[in-house]
Protein chains: 8
Amino acid sequence: MKKQAVLDILKAVESGSLSADDALTRLKLEPIDDMGFAKVDRHRELRQGASEVIYGEGKTPEHMIKIAKSLISDGQSPVLITRLSPENADIIKKELALTYDERSHVGIVGEIPPADGKGYIVVATGGTTDIPVAEEAALTAEAMGNKVERLYDVGVSGIHRLLAHADIIMNARCIVAVAGMEGALPSVIGGLADCPVIAVPTSVGYGAAFGGVAALLSMLNSCASGLSVVNIDNGFGAGYLASMINHI
Amino acid sequence: MKKQAVLDILKAVESGSLSADDALTRLKLEPIDDMGFAKVDRHRELRQGASEVIYGEGKTPEHMIKIAKSLISDGQSPVLITRLSPENADIIKKELALTYDERSHVGIVGEIPPADGKGYIVVATGGTTDIPVAEEAALTAEAMGNKVERLYDVGVSGIHRLLAHADIIMNARCIVAVAGMEGALPSVIGGLADCPVIAVPTSVGYGAAFGGVAALLSMLNSCASGLSVVNIDNGFGAGYLASMINHI
Amino acid sequence: MKKQAVLDILKAVESGSLSADDALTRLKLEPIDDMGFAKVDRHRELRQGASEVIYGEGKTPEHMIKIAKSLISDGQSPVLITRLSPENADIIKKELALTYDERSHVGIVGEIPPADGKGYIVVATGGTTDIPVAEEAALTAEAMGNKVERLYDVGVSGIHRLLAHADIIMNARCIVAVAGMEGALPSVIGGLADCPVIAVPTSVGYGAAFGGVAALLSMLNSCASGLSVVNIDNGFGAGYLASMINHI
Amino acid sequence: MKKQAVLDILKAVESGSLSADDALTRLKLEPIDDMGFAKVDRHRELRQGASEVIYGEGKTPEHMIKIAKSLISDGQSPVLITRLSPENADIIKKELALTYDERSHVGIVGEIPPADGKGYIVVATGGTTDIPVAEEAALTAEAMGNKVERLYDVGVSGIHRLLAHADIIMNARCIVAVAGMEGALPSVIGGLADCPVIAVPTSVGYGAAFGGVAALLSMLNSCASGLSVVNIDNGFGAGYLASMINHI
Amino acid sequence: MKKQAVLDILKAVESGSLSADDALTRLKLEPIDDMGFAKVDRHRELRQGASEVIYGEGKTPEHMIKIAKSLISDGQSPVLITRLSPENADIIKKELALTYDERSHVGIVGEIPPADGKGYIVVATGGTTDIPVAEEAALTAEAMGNKVERLYDVGVSGIHRLLAHADIIMNARCIVAVAGMEGALPSVIGGLADCPVIAVPTSVGYGAAFGGVAALLSMLNSCASGLSVVNIDNGFGAGYLASMINHI
Amino acid sequence: MKKQAVLDILKAVESGSLSADDALTRLKLEPIDDMGFAKVDRHRELRQGASEVIYGEGKTPEHMIKIAKSLISDGQSPVLITRLSPENADIIKKELALTYDERSHVGIVGEIPPADGKGYIVVATGGTTDIPVAEEAALTAEAMGNKVERLYDVGVSGIHRLLAHADIIMNARCIVAVAGMEGALPSVIGGLADCPVIAVPTSVGYGAAFGGVAALLSMLNSCASGLSVVNIDNGFGAGYLASMINHI
Amino acid sequence: MKKQAVLDILKAVESGSLSADDALTRLKLEPIDDMGFAKVDRHRELRQGASEVIYGEGKTPEHMIKIAKSLISDGQSPVLITRLSPENADIIKKELALTYDERSHVGIVGEIPPADGKGYIVVATGGTTDIPVAEEAALTAEAMGNKVERLYDVGVSGIHRLLAHADIIMNARCIVAVAGMEGALPSVIGGLADCPVIAVPTSVGYGAAFGGVAALLSMLNSCASGLSVVNIDNGFGAGYLASMINHI
Amino acid sequence: MKKQAVLDILKAVESGSLSADDALTRLKLEPIDDMGFAKVDRHRELRQGASEVIYGEGKTPEHMIKIAKSLISDGQSPVLITRLSPENADIIKKELALTYDERSHVGIVGEIPPADGKGYIVVATGGTTDIPVAEEAALTAEAMGNKVERLYDVGVSGIHRLLAHADIIMNARCIVAVAGMEGALPSVIGGLADCPVIAVPTSVGYGAAFGGVAALLSMLNSCASGLSVVNIDNGFGAGYLASMINHI
């Protein structure tokens, strides 16, 4: 549509109904929007094919239903909704085919697509309390067409639990390592794996965990190579990036 | 020139030598650069008329001489150099008519222009040790065509010193209030003045001053209206903004 | 009245009913209050003409009604109430002609005055969740007699959305840029605009957003010129300062 | 009593009923308790005459009633209870002659004693929201036998309000200056006054006030002489210290 | 003089040479300065009688000599110079009768006055490395006419060292407790003493001492009554306040 | 069992039913799990004999009952559950012989074993509000077979209370020192005792206590030897370590 | 070799010269090392083929020469040395064919390999002072076989500079975005690009930049998808990860 | 001696040469010192037998020689000096038989005693740059009579290096785990070991390592049981505590 608007101006010049100078003026008035948007738009379309995401926090269920329906009518499937409260999920379910995961507060409208990434993504956690964030990552990746291997509760203070799964780690295409408290899991995984490791600190812990800061700092200072970090509790961001890497 | 490039494309469409579709493609390849740049460029020219500034930290004197000469040949006068070390000032002086202020590490190549702002700017400090930052603000403002009234060492723990100059404060068009340690000066000035007050925390102090953080927080929490804050020791930013307000 | 009190003392000296020495004593007993207050008072009157503001947090509705009535009887219109809870708004509505904005928790008693500023103020936000703070700024500015252009949800991670409105930005007299999370919006706007930019960090975000600290630091460190910062979520302060600049 | 216990041991040695070696053993078993306690005890008695205080947070009303009765039976009057919730105050009122201040959450069992300090104590606040903490200080001081002058809402962004009361400030024996947000009040008062100023930061404010940290840092960095600081919201500590200074 | 200026205006009104209205105008132009200054000025004279202090950091020796000579010619003795570098001390010594303490960087021009306080001040330290700050406090107090008892290296991890001096502590009129690292000394002293305790955190320590922050926080949270805190390493502030309390 | 699996592979090689190369492959597929686990497993068995602990936070009562039953059927007694809410305790009580401590939120299924450590453990607190954390430590230690001496409310601002119990401190095998606010207790105890002191900061306090950070920093900077620190409010960790030291 | 050791044990069992039980014992003594190491070892070999890196900080030139020679004799080329001081570079140059980059303190022994990644990597910076960190990333990536496009000084406060290169950004396979101060560059790039963006905060800036913390927080809170963050100034880590992604 | 002093007083009472009342007075004058000191003194003697330590930072070599000679004449051997600069070591060597370790800045006067602990202590580090702190711990432990096993450079990002030494870890009596950067080593070791683990964060790292804070937080939040933490870079404290545990 926007692309069309630019094309219309150019066609008008081509047809002689608009002078080049006037076209310049019109383009200057909103040139970047038109062309920029068009550019980003197609790029958005590409991404939307994978998954346009609704960030559910602070949105009303009515608002989310409207956006979701619009996306669906544009042909997108599935529609992912993150940070969706159980109450809002119940309301949305009445109107749309929503699958809702209580632990991660992730809702998915429509079917999970078949996995079309080049390999599989590992999502690992240090403890059981990190699972909600991990599931946000895992479900995001699955909704974007990835095979996900879950390795939960393999924290470093019982290193054998992690090593027991060394093979799965060593053959992954990308790993999302989720940990709260001391946040050491990504470092150990980064030392075992050959692929990019996305570290997700969680706000799990108490006292000097400072709501995930201890884990965050630990991860930023990891001496393992190939490791990078996203925001505290940002499972979605990690899952999205992992999918991007798995689809390159 | 850049505008010309866009116009050329449009002319080519107008003349029929380029189809609308091909024009769209070419515009899409670098539309934002061309038009955006042109737009911002002219806008830059306007600002350069006032004063293009060289941030001296980390630049070699040779580099600064080259930039300054280029600006001068573009017709700019004066050229302001901030955060200029005395050693580099000595080297630049050999090639250019540089006036150098040792306290604030500000250098000015060329003449200070006559003040053409709508009023005058007050630059006030809490103590004598805040003067280097204050002079960076004052000289920046003067180099950009402003009359500056200096009120130094009028800190709040001797409130009579400040009140003695209440008239100067009440008639200013914009005030730059510079303070380290407890950083309370801008709050008191903000309560006296009717005009915008730009608060500049300085890194003056020791112990729990934390390099200006105490003053910064104090200023951000001021209950005086019309007050805003710039970075610690950012005299230049405050002087620049004050000049902008004084020239509106 | 206070001015009158000082004048009364002086008149009494003039008429001979009070000696100069006794007058000095009386003035010394409360000289600053009397004269200082008088001075500030007139200055307050000027400001009150624009808008005397009630900070609603922690005040009872009865208290606010009383203050508002007193201001109205002094001829002020409108009366702005910030940080007003919906519950208290309901109570006030029973007694006064209050217009209440649920998003920003701003209440306005009386009519918005016609815009008499010299230009218009842009209020921009990075995301939709920043809108409550932005509306506090926008409504404050409008209540103080300013035309406000709203540019909401033009965050930097989709830069085309912002650039589409470059013209509105470039012609503003003052811009309030509101952003949480990474807080980058004011920097980009500051690079496009020629006028003062007031940056407002919001507490929007999670994890390492630290309740607005990430955005605050980002804004304080902006390398854009003409930019200053107010406290986290301080929409009122930004709107007030913007109005001040727009009325200079 | 305790002193008696030590004396008893020594008397037993004197009378020959206990050998010096055995006495050493017994003294070694609990010598510090006995003598130390005795020493501190008498010193405690002195203080209890002024006021033994019950910190109400986390104590059950039954527990507080028991302690208060025990103190009263020891002859103490009044008994001060700080951080007492309204609910617990209601329960205590059924058993004891409690006067309760809702703003400061201070309860006083018994009569306020006549003021016997050497001068008067000023308790000043920057804003109205600081009053609960100020009242904790003021009531503590009054319960300990001090005359208190209250100067509320004399914050530095309207300096004339403070200066109007300069005389009261200049003649005080000790000043408690309570302020949140930018916390500048104690600095200004410290510049006016000749007596010790006890600065109390409050958790009043939002955003970069960080629950009182901004005010705390501001106060610690004050360049006013004769100023010291207590913990955030610690009105009791300030009132207690002020009373101590006023009774020296 | 200033008072005279106000009186002159009033006399002129009295004599009829100035109308009351014109007097109001003139007083309004600089009323606060005139009267405020006069008031504070006399108050300053009182304090100068005790000791006007030169803060030596960042001042040239020539500057300090000039100030000191001016103070001496005003009749002040001794003149205290804090934070004076050994190099500058050497230069000053050539012109003035300076006694210099290398540990605390305190210089005193002239004779220490006889102690005229009402009791004695204890200055105590946790370790030997806290002594420079303690000496700044002790010498300040001595220069202002106080008897000082030094209790150095009585840190709490060897509590018997402190208890051995319990009598000196219990009979003091004011105590300055100086400690770095864990900063626990003031708490223990506060539990033993009946008088005001001024806690001075020092920047002594490493790692999580954070340049005195650990000690500062420890002191602010002390549950001992009668305790207040000054800035990290602020020996002068503590000594000044202790003298004030000892002279009340 | 796991050890058995490895042995089975080796036996198969020994018997000739598996070639060395094939054995290598199978071992490589999951060697670490098998052998690592076996190793750690036996080591776990040893620890389980003492006490396998359930961290109750975030677990459903059904889940906890299941784990506890499994541990009991493995022969473990007692089973310790930490951070158990009263509500969940009530549910568990219906199925298991749970003793629940309301203050510390510790539940114990089964009988406390007889104390078999080499000495006794002292658990001391600075105030009464630290008792919940102290009890978590004490009950953990008791459930793991230790004699515990409780010294509660012996904070350093009334040092005689602590010194009265010097003998108990001096003869302990390990001491857990629990304190909030200024956190000075472990330092003083560390100076009196010869044995390891485990310092536990608590989140008790307000204002600059920062949820236990002040106490934590104080403890980390203690100059007492033989002292180490665990996380804020981590009574369990301290009790566990104390038991470990008492059983060496 | 290590694998061989395990095989030897198994062969000995196979041949009957070692019993299964004894084999278990021997494997238990160092099983993880042998097999784990072997596993990781081969995996290390794979990585070494790309580039074994020497972290130069704190290593003597002699030590580095030794390691480099060993790596070269193992067939590795080139050998990358990061954080290499100019002095040490001079010493190493005498023994090895070292190319040294003064800006980034990166040394490369041997030839840069031909680029064999699947696309190209963009390394972008906000300012010129970020270039040393950017070059560490770029040279690391080049030494590991990647084509690198440098986009320096394209900071967001002059957005047209960045947009002028939108095509290069949109076609990259991975982008390293390096920025100090407000750190907004990665967010804007993340909104334009389809590929993973690795954000590198730099310690460039002053005042509230806090040595890179402001930029770090800004990047962690970016709302752009596909973005992750490495440690402050960690150009090497970003270059390494970018190469990993470009070689997947 | 001190005990003698108390006994002398008591004997004098016993013999009738001192009345009980007079004895009380004398005991009250310095009771705590005498008895407390005596008590602590003997306890000190016990410790001195093991090792009286000189903290070398901030002490002159002359001072240290004097203390060391006094300790030697008291029969102590060896004398440990920590944080001793190479320059001061050279001076001390001229007078005393000092062995000096350049890496850890530890000096030992006299012979290392034979190991008489009950087991051995492991000192492990994450990287080679942590070795100075580790050696401070190891040499302290050796000087106090312990066998020390060093496991250096076994960081968690190459977990096989650590696991290769699992046996040494599993049989230790106490482990000192030293790590900077992400500080994850103690967690992994704590999961493998049965004995107390003393975690020592080091200031090794850059950027978000914050001088050891990241490692410190990581260690405090470890979910491994039996782990406690000392101050950043406090190798001495860890070695001392490890020796204490090994000698229980």
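Above this text sits the structure in question.
Residues numbered from 1 in each chain as written. Chains lettered and ligands numbered in written order. Predicted model: local features only at pLDDT ≥ 70, side-chain atom pairs only at ≥ 80, totals over all residues. Heavy atoms only, no water.

1. Some words on the overall build of chain A
Worth spelling out the cut-off: Only DSSP runs of H or I with at least four residues qualify as helices, and only runs of E with at least two residues qualify as strands; both kinds are numbered from the N terminus onward. When checking whether two residues touch, look at their non-hydrogen atoms; a contact exists if any pair is within 4.5 Å. Each accessible area is a Shrake-Rupley result for a 1.4 Å probe, and residues are judged covered by the shown protein chains and nothing else.
Secondary structure assignment for chain A yields 11 helices and nine strands. Sequence-distant contacts, at least 24 apart, represent 66% of the contacts inside chain A between residues at least 6 apart. Carbon together with sulfur atoms contributes 52% to the accessible area of chain A, which is approximately 8600 Å² in total.

2. A closer look at the relation of the copies chain D and chain E
Rule in force here: Copies overlap after least-squares fitting; the atoms used are the C-alpha atoms of residues with pLDDT of at least 70 in both.
Take chain D, turn it by 179°, move it 0.2 Å along the axis, and it overlays chain E with an RMSD of 0.5 Å. Taken together, these values place the two copies in the relation of a two-fold axis. Residues of chain D ranked by C-alpha distance from the rotation axis are headed by Val229(D), positioned 2.5 Å from it. Counting the interface residues of chain D, we find that 97% of their copies in chain E are interface residues as well, pointing to one common contact surface.

3. Observations regarding the interface of chain D and chain E
Under the convention used in this document: Throughout, the accessible surface (probe 1.4 Å) given up by two parts as they are put together, summed over both, is called the buried area. Salt bridge, as used here, is a side-chain nitrogen of Lys or Arg placed within 4 Å of a carboxyl oxygen of Asp or Glu. Any pair of N or O atoms that falls within 3.5 Å is considered a polar contact. Within protein, one atom must be able to donate a hydrogen and the other to accept it, and sequence-neighbouring residues count only if both atoms are side-chain atoms. Classes in brief: Ala, Val, Leu, Ile, Met, Phe, Trp, Tyr, Cys and Pro nonpolar; Asp, Glu, Lys and Arg charged; the others, Gly included, polar.
Each partner contributes residues to the interface: chain D has 31 residues there, and chain E has 32 residues. When chain D packs against chain E, close to 2800 Å² is buried across both sides, 62% of that on carbon and sulfur atoms. The interface formed by chain D and chain E includes zero salt bridges. Where chain D meets chain E, there are four residue pairs in polar contact (both at pLDDT 80 or more). Residue assignment for the side of chain D that touches chain E shows that the elements contributing at least two residues are α3 (31-50), α8 (166-170), α9 (185-192), α10 (213-220), β9 (227-229) and α11 (235-247) of chain D. For the side of chain D that touches chain E, the element with the highest residue contribution is α11(D), accounting for five residues. In the side of chain D that touches chain E, the residues fall into 18 nonpolar, eight polar and five charged.

4. Some points on unusual backbone geometry
Of note, the amide linkage connecting Ser77(D) to Pro78(D) takes the cis form, showing an omega dihedral of 0°. Within the fold, Pro78(D) resides in the loop between α4 (61-73) and β2 (79-82). Unlike most non-glycine residues, Arg83(E) shows phi in positive territory, near 50°. By the secondary structure assignment, Arg83(E) is in the loop between β2 (79-82) and α5 (86-93). Unusually for a residue other than glycine, His105(E) sits at a positive phi of about 60°. Here His105(E) is to be found in the loop between β3 (98-101) and β4 (106-109).

5. As for the pattern of salt bridges
Quick reminder of the rule: Each residue is placed in one exposure class: buried if its accessible area under a 1.4 Å probe, protein chains only, is under 20% of its type's maximum, exposed if it is over 50%, and partly exposed if it falls in between.
One pass over the full model with this rule turns up 56 salt bridges over all chains. Between Arg103(D) and Glu135(D) there is a salt bridge; the shortest N-O distance is 3.8 Å. One end of the pair, Arg103(D), is in the loop between β3 (98-101) and β4 (106-109); the other, Glu135(D), is in helix α6 (residues 131-143), with 32 residues separating them in the sequence. According to the relative accessible area criterion, Glu135(D) is buried, its value standing at 4%. Where Glu149(D) meets Lys147(D), a salt bridge forms, and the shortest distance between an N and an O atom there is 3.5 Å. Salt bridges linked by common partners bring Arg103(A), Glu135(A), Glu142(A) and Arg150(A) together as one network.

6. Comments concerning the packing of helix α4 (residues 61-73) of chain C against helix α5 (residues 86-93) of chain C
Residues and elements named next belong to chain C. Here is the rule we go by: Only the stretch in contact is used when fitting a helix axis, every axis being a line fitted to C-alpha atoms; angles between N-to-C directions are given from 0 to 180 degrees. Just so you know how the angles are binned, under 35 degrees is roughly parallel, over 145 roughly antiparallel, 65 to 115 roughly perpendicular, and the rest oblique. Helix crossings fall into two classes, left-handed where the near helix is turned counterclockwise from the far one by less than a right angle and right-handed where it is turned clockwise.
The geometry of α4 relative to α5 is characterised by a closest axis approach of 9 Å and an angle of 50° between their N-to-C directions. What the angle tells us is that α4 and α5 run oblique. Crossing hand, α4 versus α5: right-handed. Where α4 approaches α5, its residues Pro61, Glu62, Met64 and Ile65 are matched on the opposing element by Asn88, Ile91 and Ile92. Per-class residue counts for the contact of α4 with α5 are five nonpolar, one polar and one charged.

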